[in-house]
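Read off the chains here:
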Amino acid sequence: MIAGLDPIPIQELRISSCPKVWLVDGYLDDLQSLTPIRGEVTAEHQGDMLSVKGDIETVVNLSCDRCLNSFNQQLGFTEQELIWIRETYPNPNPKGITSFKELRFTLPDSMVEIIDPSKEFDPERWIFEHLNLRLEPINLCGSNCPGPTNLSSPKANQNIKHTSHSSENFDPRWSTLKKLIA
Ligand SMILES: [Zn+2]
């Protein structure tokens, strides 16, 4: 829990004449970081949309999935997100979407987050989700990674290479690893 990052009701943002700004400096309960999570989050009510901007930086300690060594990595984002203020996703009929005059551009419904007008915007939750999005599913310490310590024989390494090249239906989450050993 980061001090000062209190959620704010959407209704309060609606009647407020200026954007709400949170200064961020602290640690999240659900995302361990080496340094405090620092930056700024701004939320502004804009008609049917909630405009949220964030500029967040921290450093996390990760364990490499190849060599198992731990390493530090910068984690952060500069992001502006428009969240649609409405109770439910609209009917997928595109005619319905054009009737929302405040919607300046059309995005596929699945790509737009919605927030219930009777609910609160939680800046801490928003930061957590956006930092999580930037964590790689596979952690690699870098281009100088010594490789798997328990598979150090040349033959074993060849097998790994062969498998990754011949498998066409490989899990896309492994693509970073595939690039590294290609
Ligand atoms: Zn490594």
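Looking at the packing of aromatic side chains
Okay, so step 1: Taken as a whole and judged by the stated rule, the model has two aromatic pairs.
Okay, so step 2: Seen in terms of ring centroids, tryptophan 22 and phenylalanine 121 are 5.8 Å apart; in terms of plane orientation they differ by 50°. Their pairing is tilted. With tryptophan 22 in strand β2 (residues 20-26) and phenylalanine 121 in strand β7 (residues 120-121), this residue pair connects regions lying 99 residues apart in the sequence. Neither residue differs from the other here; tryptophan 22 and phenylalanine 121 are each classed as buried.
Okay, so step 3: With a centroid separation of 5.6 Å and an interplanar angle of 75°, the aromatic rings of phenylalanine 77 and tryptophan 126 are classed as edge-to-face. Within this pair, whereas phenylalanine 77 is found in strand β5 (residues 70-85), its partner tryptophan 126 is found in helix α3 (residues 123-133), the two being separated by 49 residues in sequence. Tryptophan 126 matches phenylalanine 77 in its accessibility class, with the two residues each being buried.
Okay, so step 4: Here arginine 86 stacks its cationic end above the ring of tryptophan 84, 5.2 Å away from the centre of that ring.

Concerning the pairing of strand β4 (residues 49-63)
Okay, so step 1: The pairing of strand β3 (residues 37-46) with β4 spans nine bridges and is classified as antiparallel. Paired with threonine 42 across the strands is lysine 53, a residue of β4.
Okay, so step 2: What sits between the antiparallel neighbours β3 and β4 is a turn of two residues, in which glycine 47 has the positive phi angle 65°.
Okay, so step 3: Direction of pairing for β4 relative to β5: antiparallel, over a ladder of 15 bridges. What sits directly across from aspartate 55, in β5, is threonine 78.
Okay, so step 4: Counted along the chain from β4 to the antiparallel partner β5, the turn is six residues long, and its residue leucine 68 has a positive phi close to 70°.

Rules used throughout
- Residues numbered from 1 in each chain as written.
- Predicted model: local features only at pLDDT ≥ 70, side-chain atom pairs only at ≥ 80, totals over all residues.
- Heavy atoms only, no water.
- Phe/Tyr/Trp six-rings, centres within 6.5 Å; stacked < 30°, edge-to-face > 60°.
- Helix = DSSP H or I, 4+ residues; strand = E, 2+ residues; numbered from the N terminus.
- Buried < 20%, exposed > 50% of the residue type's maximum accessible area, 1.4 Å probe, protein only.
- Lys NZ or Arg CZ within 6 Å of the ring centre and 35° of its normal.
- Pairing = 2+ DSSP bridges.

Any functional reading would require information beyond the geometric quantities listed.
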